[in-house]
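Coordinate inspection notes
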Amino acid sequence: MSLRYYFAKAQKTISRIAPYDRAIIEKQCRSIRLAEEQLQAAGRSAFLRCYSGCEGLCCRNLELDAVIGFSDFIYLLTVEGQLKESISTCLENEKRFFAGDCVFLINGKGPCIFPPTSRPEVCITTFCTDIEPLKHEIWRVKSQFMKLNFYLLFLQFKSLFRHVNNKTKVSP
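Description of the state of the cysteines
In a disulfide, the sulfur atoms of two cysteines are held together by a covalent bond. Inspection of the entire model under this criterion finds zero disulfides. For cysteine 112, which is in no disulfide, the shortest distance to another cysteine sulfur is to cysteine 102 and amounts to 6.0 Å. Relative accessible area serves as the criterion here: at 23%, cysteine 112 is assigned to the partly exposed category.

Next comes the structure, spelled out in structure tokens:
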């Protein structure tokens, strides 16, 4: 799948979910953001080493859809909705079949268009340095994303059940 597909699917999902489910997703996304803020605070020196040492090497020559997925876009559109147009514009430069630099780097070089405390899961939990001191904060971000993923899966099952249930009611 391409990032454009995941992005479009995330937009469609957000526009179609019921207000009750939307409130739950917003709460989960706020929990992710809080965990990311705590990781940023605890890992300030590790992030600085990454940005100044390797200068974003992890953002270069990669298969983007292995790094950013559907739940990342749900998260980003929920907490950084104002970036919707920027994300869409960046995705116009996506190279689907050949590895390239991350399309979310400003002017193709960086920094990233996403704020430091609102980044996709893999982007914020991957380091080019020792992560031992940050294991707890990284685990917390990952577990919050896992909760979001489970809820999104629940919503898919709920939608499927509703669809099947409606079809059986219509049939004689």
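Still more to cover.
Topic: the environment of isoleucine 124
Its location among the elements puts isoleucine 124 in helix H6 (residues 121–125). C-alpha separation for the pair isoleucine 124 and leucine 39, spaced 85 residues apart in sequence, amounts to 8.3 Å.

Points about the layout of surface pockets
Approximately 460 Å³ is the volume attributed to the second largest pocket. Residue lining of the second largest pocket: 14 residues in total, with Thr13, Arg16, Ile17, Leu155 and Ser159 positioned closest to the centre. Every element with two or more residues in the lining of the second largest pocket is listed here: helix H1 (3–16) and helix H7 (135–170). For the lining of the second largest pocket, the element with the most residues is H7, which contributes six residues. A per-class count over the lining of the second largest pocket returns five nonpolar, three polar and six charged.

What counts and how
- Residues numbered from 1 in each chain as written.
- Predicted model: local features only at pLDDT ≥ 70, side-chain atom pairs only at ≥ 80, totals over all residues.
- Heavy atoms only, no water.
- Disulfide = S-S within 2.5 Å.
- Buried < 20%, exposed > 50% of the residue type's maximum accessible area, 1.4 Å probe, protein only.
- Helix = DSSP H or I, 4+ residues; strand = E, 2+ residues; numbered from the N terminus.
- 1 Å grid on protein atoms, 1.4 Å probe; cavity = no way out; pocket = protein on both sides within 12 Å on 5 of 7 lines; lining within 4 Å.
- Points joined across faces, edges and corners; volume = space filled by probe spheres on them.
- Nonpolar A, V, L, I, M, F, W, Y, C, P; charged D, E, K, R; others polar.

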